[in-house]
There are 2 protein chains.
Amino acid sequence: MATIEDVAKLAGLSRTTVSRVINDQPYVTDEKRQRIIQAMNDLGYVPNSSARRLRSQKTETIAVLLPRLTNPFFGNLIEAMEEKASEWGYQVIVCQTHDSKKKEMDYLQLLKTKQVDGVIMASLVNDWEDVKPFLECGPIVFCNEYMDESSISMIHMDHKQAAYEATIHLLEQGCTHISYVSGGPESHLSKKRKEGFTEALSEYGLSFQEDLAIDWAMDVSDGQKVFHMIKDELPHVDGVFTGSDEVAAGLIYEATSSSNWVIPDDLAVVGFDNQMISLLMVPSVTTIEQPVKQMADKTVEVLIQQLLHPGALAPNRYVYPHQLLVRNSTKRKKLSIQ
Amino acid sequence: MATIEDVAKLAGLSRTTVSRVINDQPYVTDEKRQRIIQAMNDLGYVPNSSARRLRSQKTETIAVLLPRLTNPFFGNLIEAMEEKASEWGYQVIVCQTHDSKKKEMDYLQLLKTKQVDGVIMASLVNDWEDVKPFLECGPIVFCNEYMDESSISMIHMDHKQAAYEATIHLLEQGCTHISYVSGGPESHLSKKRKEGFTEALSEYGLSFQEDLAIDWAMDVSDGQKVFHMIKDELPHVDGVFTGSDEVAAGLIYEATSSSNWVIPDDLAVVGFDNQMISLLMVPSVTTIEQPVKQMADKTVEVLIQQLLHPGALAPNRYVYPHQLLVRNSTKRKKLSIQ
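Each value, and the rule that gives it
- Residues numbered from 1 in each chain as written.
- Chains lettered and ligands numbered in written order.
- Predicted model: local features only at pLDDT ≥ 70, side-chain atom pairs only at ≥ 80, totals over all residues.
- Heavy atoms only, no water.
- Helix = DSSP H or I, 4+ residues; strand = E, 2+ residues; numbered from the N terminus.
- Buried < 20%, exposed > 50% of the residue type's maximum accessible area, 1.4 Å probe, protein only.
- Contact = heavy atoms within 4.5 Å.
- Lys, Arg positive; Asp, Glu negative; His and termini not counted.
- Charge placed at Lys NZ, Arg CZ, Asp CG, Glu CD.
- Axes fitted to C-alpha atoms, helices over the stretch in contact; angles between N-to-C directions.
- Parallel < 35°, antiparallel > 145°, perpendicular 65-115°, else oblique.
- Nonpolar A, V, L, I, M, F, W, Y, C, P; charged D, E, K, R; others polar.
- Phe/Tyr/Trp six-rings, centres within 6.5 Å; stacked < 30°, edge-to-face > 60°.
- Lys NZ or Arg CZ within 6 Å of the ring centre and 35° of its normal.
- Domains from an automatic or database assignment.
- Least-squares fit on C-alpha atoms with pLDDT ≥ 70 in both.
- Polar contact = N/O pair within 3.5 Å; in protein donor to acceptor, adjacent residues only side chain to side chain.
- Pairing = 2+ DSSP bridges.
- pLDDT = per-residue confidence, 0-100.
- Salt bridge = Lys/Arg side-chain N within 4 Å of Asp/Glu carboxyl O.

Caption draft 1: Seen up close, the overall build of chain A. Along the backbone of chain A there are 13 helices and eleven strands. In terms of overall dimensions, chain A has C-alpha extents of about 75 × 45 × 30 Å along its principal axes. Taken across its 338 residues, chain A has 58% of its residues classed as buried. A sequence separation of at least 24 residues applies to 71% of the contacts in chain A between residues at least 6 apart. Separation of charge centres in chain A, based on 33 positive and 46 negative side chains, amounts to 7 Å.

So, in structure tokens, the structure goes:
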């Protein structure tokens, strides 16, 4: 079993410096911290966490609440958060709420029962007023989901603007009957997207058409069903804003394999998140890239600062830029006549 | 805020029955249990977990340790485990080890510090002898990863047989130079796969060729790199066993988009896991389907039985059947001459 001395030796640094890193104390440069973490990993060194946790009355654990891990956006978000947290000696546990109010509340109890030190919420299904009391038990930071609320820190993208740009792009490609496809419970984020979509339409003299909207699509197999619904019931639809690369992929797969629809000429499709699948599909999927790593890093940093210096930081909002990536699922050869 | 009476009323059952379900007591039929869980979800009813936990000295929390969530196999495994655990009133927290010995040890401390009641390990990087002492703090069950060890329960597939069948299939398609592509640390599971691959080769009078093996490929972008390595350095390779749908997808994408290779005629490719991507790719990917849901359900059941009746159950091994799904990435029009 490796000892603290072994780590110090391999890193070429003093025992005191190693101890500082283990106990998250200041006065260690990032470079030295990295060297020590690397040495600990190489040696499989395990600090005596139980004793340390008992001493500090801290769990050094952060919980991240999110709707479902099978959505790769959240997988990537967790990946980045965990990497960052681990630099500070914190471990991350992941809690899937499946958009259930009860599960969200149950997992928030982890703060009350002192099983975790702080919570990151990547989604919210309960009313904020019901969640707010948990702030008395420890810090909560929002990432991805957001709202009009100034009592906590939030790290997110401008989803209204992103949906606006994607929709303008579909309109520029000549689409005149655009279906708005979404899924999951209505949240602040989803409302903002819908606002952006509607605003873009109105610039082209169009209005939101409820009869072209589908609100139950969340994954690849839903995307397949969306295609059949469009084919059978909404054949005049010529563009789709899906809000999800998975839904877009399912839709494109079904359109090209089960029928002989040409994407984008028969139907232009926009996804969301720039997941790997959006690049691998034939045709590749036009999508919105979210700055996942930057958002994850900032979220962890903000939460850990609150844990290390309670009350010292005022709540803040950090809005990160997105990017519309135009690929083959929307690049029409001939633009339709409006 | 909903009360226990509201739940009883909506479910049309007595307060006592609701209380039994909340406290995981026996004498409630599955049908009634489901009705009560449904009513609790509909009403957003939250049992007073803190008090209950304090009373029972249990956290009603299970930790699942796995290498990385960005691999959809693990996302789907967690999805199924959580659904099952939630039926029993347990919550699941997910811990990514990134194949780090230190992180695995850190997360196992959750048992020691009583932050969780039991642990499911879907991977193992430390020596079992180093993990074994944690059994004194609570039950551990293996799922997916396995080993020759009888002191704990294990739920898994026969990876040797699965790799054997996939390789025989490639050989039957006329492949004579098959590259063995893998990634991550060598584990019992990965050794078993390699054994199956080697056994299949030997039936065709071939032996394992180290110079055709690649051992650093784990995701889509690694798959892309694998293609270029084959193209530039191993052009005589005519078949690939990847052990991963993601690697297979990256390889196929790169072969067909960056070069004009024909899959499967120039290169037959086999994935593993039957992830959604394997169906969406053009061509679709031949793969091994794992019985994810059955394995997840059994694992949770075994662990919870151990939590409810400590020491009552002898450790057992449950081996679940797989299936080779032959798709277009290996269906060669003309078989090569051997």
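Caption draft 2: Quick peek at the packing of helix α2 (residues 15-22) of chain B against helix α3 (residues 30-43) of chain B. All names here are of chain B. Put simply, α2 and α3 touch, their axes get as near as 10 Å, and they point 85° apart. As judged from the angle between their axes, α2 and α3 are roughly perpendicular. Every residue of α3 that contacts α2 at T17, V18, V21 and I22 is listed here: R33, I36, I37 and M40. Looking at the contact of α2 with α3, its residues break down into six nonpolar, one polar and one charged.

Caption draft 3: Layout of unusual backbone geometry. Residues and elements named next belong to chain A. For the peptide bond that leads from I263 to P264, omega is 15°, which places it in the cis range. Structurally, the position occupied by P264 is in the loop between α11 (245-257) and β8 (268-270). One non-glycine residue with positive phi stands out, namely H98, at about 50°. The topology assignment puts H98 in the loop between β2 (91-96) and α6 (101-112).

Caption draft 4: How the structure looks around the packing of aromatic side chains. If you walk through the whole model with that rule in mind, you get 18 aromatic pairs over all chains. Taken together, a centroid distance of 4.9 Å and an interplanar angle of 85° make the contact between B:F227 and B:W261 edge-to-face. Here the residue B:F227 occupies a position in helix α10 (residues 220-233), and B:W261 occupies one in the loop between α11 (245-257) and β8 (268-270), the gap between them amounting to 34 residues. Side by side, B:F227 and B:W261 carry an identical accessibility label, which is buried. Ring geometry for B:F241 against B:F272: centres 6.4 Å apart, planes inclined by 75°, an arrangement best described as edge-to-face. Separated by 31 residues along the polypeptide, B:F241 in strand β7 (residues 239-241) and B:F272 in the loop between β8 and α12 (276-280) bring together distant segments of the chain. Owing to a relative accessible area of 1%, B:F241 belongs among the buried residues under this scheme. Sitting over the ring of A:F272, A:R193 keeps its end group 3.7 Å from the ring centre.

Caption draft 5: Expanded view of the domain arrangement of chain A. Taken as a whole, chain A is organised into domain 1 (4-55), domain 2 (59-157 + 292-320) and domain 3 (159-290). Placing the centre of domain 1 of chain A and that of domain 3 of chain A at their C-alpha centroids yields a distance of 49 Å.

Caption draft 6: Representation of the relation of the copies chain B and chain A. Placing chain B over chain A gives an RMSD of 0.1 Å and needs a rotation angle of 180°, together with 0.1 Å of translation along the axis. Such a combination of turn and shift is consistent with a two-fold rotation axis. Across chain B, the rotation axis passes nearest the C-alpha of B:V94, at a separation of 2.4 Å. Comparing interface residues between copies, 100% of those in chain B also sit at the interface in chain A, which points to an isologous, same-surface contact.

Caption draft 7: Main features of the environment of A:Q290. Residues and elements named next belong to chain A. Turning to its location among the elements, Q290 is positioned in the loop between β9 (287-289) and α13 (292-308). Exposure remark for Q290: the relative accessible area of 5% places this residue in the buried category. Residues Q290 and Y320 lie 30 residues apart in sequence; the distance between their C-alpha atoms is 8.3 Å. Here the side chain of Q290 touches D273 through a polar contact of 2.8 Å, side chain to side chain.

Caption draft 8: Layout of the sheet that holds β8(A). All names here are of chain A. Spatial ordering of the open sheet is given by β6-β7-β8, a layout of three strands whose pairing is parallel. Both outer strands of the open sheet, β6 (178-180) and β8, are each paired with one neighbouring strand and no more. Taken pair by pair, the neighbouring strands of this sheet meet at an average axis angle of 15°, ignoring direction. Pairing geometry for strand β7 (residues 239-241) and β8, over three bridges, is parallel. Within β8, the position partnered with G239 by the bridge is A268. Along the sheet, helix α9 (residues 188-203) makes contact with β6 and β7, crossing β6 at roughly 165°.

Caption draft 9: Representation of the side chain of B:H169 in the model. Residue and element names in this part refer to chain B. Along the chain, H169 turns up in helix α8 (residues 159-172). A polar contact is formed between the side chain of H169 and the side chain of T330, at a distance of 2.7 Å. If we ignore the near neighbours within four places in the chain, the residues touching H169 are T286, L324, V326 and T330.

Caption draft 10: Broad picture of the confidence of the model for chain A. Averaged over all residues, the pLDDT of chain A is 91; the fraction at 70 or higher stands at 94%. Within the model, pLDDT remains below 50 along residues 49-55 of chain A, and this stretch shows 18 contacts once partners closer than five positions in the same chain are excluded.

Caption draft 11: Broad picture of the pattern of salt bridges. Scanning all chains against the criterion turns up 26 salt bridges over all chains. Where A:E5 meets A:R15, a salt bridge forms, and the shortest distance between an N and an O atom there is 2.7 Å. With a gap of ten residues between them, A:E5 in helix α1 (residues 4-11) and A:R15 in helix α2 (residues 15-22) connect regions that are remote in the sequence. Taking the shortest distance from any N to any O, the salt bridge between B:K102 and B:D106 comes out at 2.8 Å. On the criterion of helical spacing, the pair formed by B:K102 and B:D106 is a turn pair, its members being four residues apart in helix α6 (residues 101-112). The buried category is assigned to B:K102, whose relative accessible area is 13%. Given a relative accessible area of 14%, B:D106 falls into the buried group. Each of A:K160, A:K192, A:E195 and A:E199 takes part in a single network of salt bridges with overlapping partners.

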